There are 2 protein chains.
Amino acid sequence: MIPPDHPRYKSLVVREHLAGCARNGIVSWEGLIAHGRGEAFDYLLGEKTSASARNAERTAAALFRTARHPVISVNGNTAALAAREIAGLQEASGALVEVNLFHRTEQRIKDIEVLLTNAGADVFSGPAERLLPLSHDRAWCRREGMYAADVVLVPLEDGDRCDALVAMGKKVIAVDLNPLSRTARAATLTIVDEVTRALPVIAEACSRLTDEECQALLSDIDNTRFLKEAYDEMITRLNHALD
Amino acid sequence: MIPPDHPRYKSLVVREHLAGCARNGIVSWEGLIAHGRGEAFDYLLGEKTSASARNAERTAAALFRTARHPVISVNGNTAALAAREIAGLQEASGALVEVNLFHRTEQRIKDIEVLLTNAGADVFSGPAERLLPLSHDRAWCRREGMYAADVVLVPLEDGDRCDALVAMGKKVIAVDLNPLSRTARAATLTIVDEVTRALPVIAEACSRLTDEECQALLSDIDNTRFLKEAYDEMITRLNHALD
């Protein structure tokens, strides 16, 4: 259907896949709009992992490596885009994988859990409780899962929940292409990169980093610097847009 | 459902409206993703009409005022977001309103025509032909409508069709929040502004501009300058993101 020589081929294939996932309920309508926002910011980043983002990804790996109880929180968009990459990161990090949705129904939870399981992830499931200090359905999680976590990876998250997890004393790693978002500013560490590019870099670093390298990366996590470096990437691209 | 004190209330209401329009077929899945891209760029513009965009909107009004046969091309997203504003611009400019879709079915055409008619527009309808030099369904238009136009307003358009219309010798006015898009670069005049903000400004200028003002605005249309000014707006915002 989409001609492989189209200048935006890869982007169009991903869009068609996400639209299919929206049709069968994995992705919400709002998730499609959120994907578009990500596309725009990724375009301004040149659709590649910057040196700064790679550094943030290595820092995320160090947080995973030194965590007591790390959890990867998965929503509809993350599952639709990166189920295999989630499974790979789980294998490298030993983290729990838990589904947490804004537009929550039992059916969606189950469908996403099946999708992740089919991609090779070991999903932490079972009855959820309303444990996070939030008024909407994202308050639901498992007592032995995200509620007990010390490090939580939240790809493609909303600002409220990121705030709530930080306020509970957890170290929160966000993956967010928008470096101006509330999530990006609230997180302990923000990776400004596309999720399918970011997760394999974190996974590889989980396997390769020495303990000394982990300590060095964790000695001084400056999220504001990572955000500033992302703004600078975008500014450079805008400055050369007419070249 | 959405709390009115939410910091992103207006944006969330628009998203919910568009999701509803996707459910009933007015907006395509890809249209939801495109809306997200627009949101991201609008965020970088501070979600307001810049002085540069206002100048482009006045120039668009001058193009309408001096046109022999102006046409406003409407797609699903434009109809869902701005049907009333389209009707208002038609009243001020005397332009034809014609529906033109990328994801084209007779049912979608009809539904969008009804939506526009209910909002007060006088829709130019009837049998279409494959008249534009394009391989996909956007080639369809009416011989006495867009095909015969000298000035065409294409809000939220794709790059291919903008190129094709320019190649046919028409003056093409794009409304596009992404100043880096192929549409923005190919158009005769690009308005980098959100469509519901842009259309009323064009409509008002259609009524108010004197003939002398029209001539002055048209004497030197420099689209590259408008794009450069939009990049500069975004750069300013990124530079002050951490203030």
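Since the structure is predicted, the reported quantities are computational estimates derived from the model, not experimental observations.

How each quantity is defined
- Residues numbered from 1 in each chain as written.
- Chains lettered and ligands numbered in written order.
- Predicted model: local features only at pLDDT ≥ 70, side-chain atom pairs only at ≥ 80, totals over all residues.
- Heavy atoms only, no water.
- Helix = DSSP H or I, 4+ residues; strand = E, 2+ residues; numbered from the N terminus.
- Rg over C-alpha atoms; globule rule 2.2 N^0.38 Å.
- Areas by Shrake-Rupley, 256 points an atom, 1.4 Å probe, with all protein chains shown as cover.
- Lys, Arg positive; Asp, Glu negative; His and termini not counted.
- Charge placed at Lys NZ, Arg CZ, Asp CG, Glu CD.
- Core = buried A, V, L, I, M, F, W, Y, C linked by side-chain atoms within 4.5 Å.
- Buried < 20%, exposed > 50% of the residue type's maximum accessible area, 1.4 Å probe, protein only.
- Contact = heavy atoms within 4.5 Å.
- Buried area = accessible area lost by both parts, 1.4 Å probe.
- Salt bridge = Lys/Arg side-chain N within 4 Å of Asp/Glu carboxyl O.
- Expected span 1.5 Å × (residues − 1).
- Pairing = 2+ DSSP bridges.
- Axes fitted to C-alpha atoms, helices over the stretch in contact; angles between N-to-C directions.
- Least-squares fit on C-alpha atoms with pLDDT ≥ 70 in both.
- Phe/Tyr/Trp six-rings, centres within 6.5 Å; stacked < 30°, edge-to-face > 60°.
- Lys NZ or Arg CZ within 6 Å of the ring centre and 35° of its normal.
- 1 Å grid on protein atoms, 1.4 Å probe; cavity = no way out; pocket = protein on both sides within 12 Å on 5 of 7 lines; lining within 4 Å.
- Points joined across faces, edges and corners; volume = space filled by probe spheres on them.
- Nonpolar A, V, L, I, M, F, W, Y, C, P; charged D, E, K, R; others polar.
- Parallel < 35°, antiparallel > 145°, perpendicular 65-115°, else oblique.
- Left-handed = near helix turned anticlockwise from the far one by under 90°.
- Right-handed = clockwise from strand over helix to strand, strands pointing away.
- Polar contact = N/O pair within 3.5 Å; in protein donor to acceptor, adjacent residues only side chain to side chain.

**Student:** Could you clarify how one ought to interpret the overall build of chain A in this entry?
**Tutor:** When you go through chain A residue by residue, the secondary structure sums to 10 helices and 7 strands. Since a compact globule built from 243 residues should have a radius of gyration of about 18 Å, the 17 Å found for chain A is in line with a globular shape. Carbon and sulfur atoms make up 50% of the accessible area of chain A, which totals about 10,200 Å². Treating the 28 positive side-chain charges of chain A as one cloud and the 35 negative ones as another, the clouds have centres 2 Å apart.

**Student:** Even after reading the chapter, I still don't get the nonpolar core, so can you show me in this structure?
**Tutor:** Generally speaking, nonpolar side chains in soluble globular proteins are found buried as a group. Ranked by size, the top nonpolar core spans 104 residues in total, and within it Leu116(A) and Leu116(B) carry the most contacts. Among residues more than four places away in sequence, those in contact with Leu116(A) are Val74(A), Ala79(A), Ala83(A), Ile86(A), Val97(A), Val99(A), Ala121(A) and Val123(A). Core analysis: the second largest hydrophobic core is formed by 32 residues, Phe41(A), Leu45(A), Met234(A) and Leu177(B) among them.

**Student:** I tried to follow the interface of chain B and chain A on my own but got confused; where do I start?
**Tutor:** When the parts of a complex come together, some accessible area is lost, and that lost area is often used as the size of the interface. With 29 residues of chain B at the contact, the number on the chain A side is 30 residues. For the chain B and chain A pair, buried surface summed over both sides reaches about 3,200 Å², with 75% attributable to carbon and sulfur atoms. Ranking the residues of chain B by area buried against chain A places Trp29(B), Ile33(B) and Leu238(B) at the top, with a combined share of 23%. The interface formed by chain B and chain A contains 2 salt bridges.

**Student:** Would you take a moment to explain helix 2 (residues 29-44) of chain A for this structure?
**Tutor:** Since the α-helix advances by 3.6 residues per turn, residues separated by three or four positions end up pointing in the same direction. Residue and element names in this part refer to chain A. Its 16 residues place the ends of helix 2 24 Å apart at the C-alpha level, agreeing with the 22 Å of an ideal helix rising 1.5 Å per residue. In terms of residue burial, helix 2 counts as a mostly covered element, since 13 of its 16 residues are buried. Positioned one or two residues after helix 2, Gly46 has a phi angle of 75°, which is positive.

**Student:** Would you take a moment to explain the sheet that holds strand 6 (residues 171-175) of chain B for this structure?
**Tutor:** Sheet strands pair via backbone hydrogen bonds, and the direction of the pair is either parallel or antiparallel. Residue and element names in this part refer to chain B. Spatially, 5 strands are ordered 2-1-5-6-7 in an open sheet, and the strand pairing comes out parallel. The two strands at the open ends of the sheet, each matched to only one other strand, are strand 2 (96-99) and strand 7 (189-191). Strand-to-strand twist across the sheet, computed as the mean angle between neighbouring axes with direction ignored, equals 20°. Looking at chain direction, strand 5 (residues 151-155) and strand 6 are connected through 5 bridges and run parallel. Considered in strand 6, the bridge of Val152 is made with Val172.

**Student:** What's the story with the relation of the copies chain B and chain A in this structure? I'm lost.
**Tutor:** Relating one copy of the chain to the other takes a rotation about an axis and a shift parallel to that axis. Once chain B has been moved 0.0 Å along the axis and rotated by 179°, it coincides with chain A to within an RMSD of 0.0 Å. Look at the turn and shift together and you get a two-fold axis relating the two. With an isologous cut-off of 70% or more, the 93% of interface residues of chain B that recur at the interface of chain A puts this contact in the isologous class.

**Student:** I would appreciate a short explanation of the packing of aromatic side chains in the present structure.
**Tutor:** Remark: the centre distance and the inter-plane angle together describe each pair of aromatic rings, the angle taken between the planes. Evaluation of the coordinates by the stated rule reveals 1 aromatic pair over all chains. Ring geometry for Trp29(A) versus Trp29(B): centroids 5.1 Å apart, planes at 5°, classification stacked. One end of the pair, Trp29(A), is in helix 2; the other, Trp29(B), is in helix 2 (residues 29-44), on a second chain. What makes Trp29(A) buried here is its relative accessible area of 18%. Sitting over the face of the ring of Tyr147(A), Lys170(A) holds its NZ or CZ atom 6.0 Å from the ring centroid. The ring of Tyr43(B) carries the charged tip of Arg237(B) above its face, separated from the ring centre by 4.8 Å.

**Student:** Would you mind showing me how to read empty space enclosed by the protein here?
**Tutor:** Where empty space is left in the structure can be found by rolling a water-sized probe over the atoms. Per the counting criterion, the structure on display carries 2 cavities of 30 Å³ or more. Lining the largest cavity are Leu45(A), Ser50(A), Ser52(A), Ala53(A), Ala56(A), Thr190(A), Ile191(A), Val192(A), Phe226(A), Ala230(A) and Glu233(A). Among the residues forming the lining of the largest cavity, the class breakdown is 7 nonpolar, 3 polar and 1 charged. If you add up the space inside the second largest cavity, you get close to 50 Å³. The wall of the second largest cavity is formed by Leu45(B), Ser50(B), Ser52(B), Ala53(B), Ala56(B), Thr190(B), Ile191(B), Val192(B), Phe226(B), Ala230(B) and Glu233(B). Of all elements in the fold, only helix 3 (51-65), strand 7 and helix 10 (223-239) of chain B reach the threshold of two or more residues within the lining of the second largest cavity.

**Student:** Just checking my understanding: could you explain the packing of helix 4 (residues 76-93) of chain A against helix 8 (residues 195-208) of chain A for this structure?
**Tutor:** All names here are of chain A. As a packed pair, helix 4 and helix 8 sit with axes 8 Å apart at the nearest point and diverge in direction by 15°. With respect to their mutual orientation, helix 4 and helix 8 come out roughly parallel. The element helix 4 and its partner helix 8 pack so that their crossing is left-handed. In contact with Leu81, Ala82, Glu85, Ile86, Gly88, Leu89, Ala92 and Ser93 of helix 4, helix 8 contributes Val195, Thr196, Leu199, Pro200, Ile202, Ala203, Cys206 and Ser207. Its residues assigned to classes, the contact of helix 4 with helix 8 comprises 11 nonpolar, 4 polar and 1 charged.

**Student:** Whenever I open this one, the pairing of strand 2 (residues 96-99) of chain A confuses me. Can you help?
**Tutor:** Walk down a regular strand and you will see the side chains alternate between the two sheet faces. One ladder, built from 4 bridges, connects strand 1 (residues 70-74) of chain A with strand 2 of chain A; its direction is parallel. The residue bridging Val74(A) from the neighbouring strand is Val99(A), located in strand 2 of chain A.

**Student:** Looking at this structure, how should I read the sheet that holds strand 2 of chain A?
**Tutor:** All names here are of chain A. Taken in spatial order, the 5 strands make up an open sheet running 2-1-5-6-7, and their pairing is parallel. The sheet terminates laterally at strand 2 and strand 7 (189-191), the two strands that pair on one side only. The sheet shows a mean angle of 20° between the axes of neighbouring strands, taken without regard to direction. Strands strand 1, strand 5 (151-155), strand 6 (171-175) and strand 7 of the sheet are contacted by helix 3 (residues 51-65), whose axis makes an angle of about 130° with strand 7. On the sheet, helix 4 packs against strand 1, strand 2 and strand 5 and is oriented at approximately 170° with respect to strand 1.

**Student:** Is there a simple way to explain the pairing of strand 6 of chain B in this structure?
**Tutor:** Residue and element names in this part refer to chain B. Buried residues dominate strand 6, accounting for 4 of its 5 residues. One crossover worth recording links strand 5 to the parallel strand 6 by way of helix 6 (residues 159-167), and it is right-handed. Sheet topology places strand 6 next to strand 7; 3 bridges connect them, and they run parallel. From the neighbouring strand, Val175 faces strand 7, where its bridge partner is Ile191.

**Student:** Hey, could you run me through the environment of Asp176(A) in this one?
**Tutor:** Looking at the secondary structure, you find Asp176(A) in the loop between strand 6 and helix 7 (182-186). Polar side-chain contacts of Asp176(A) include one of 2.9 Å to the backbone nitrogen of Asn178(A).

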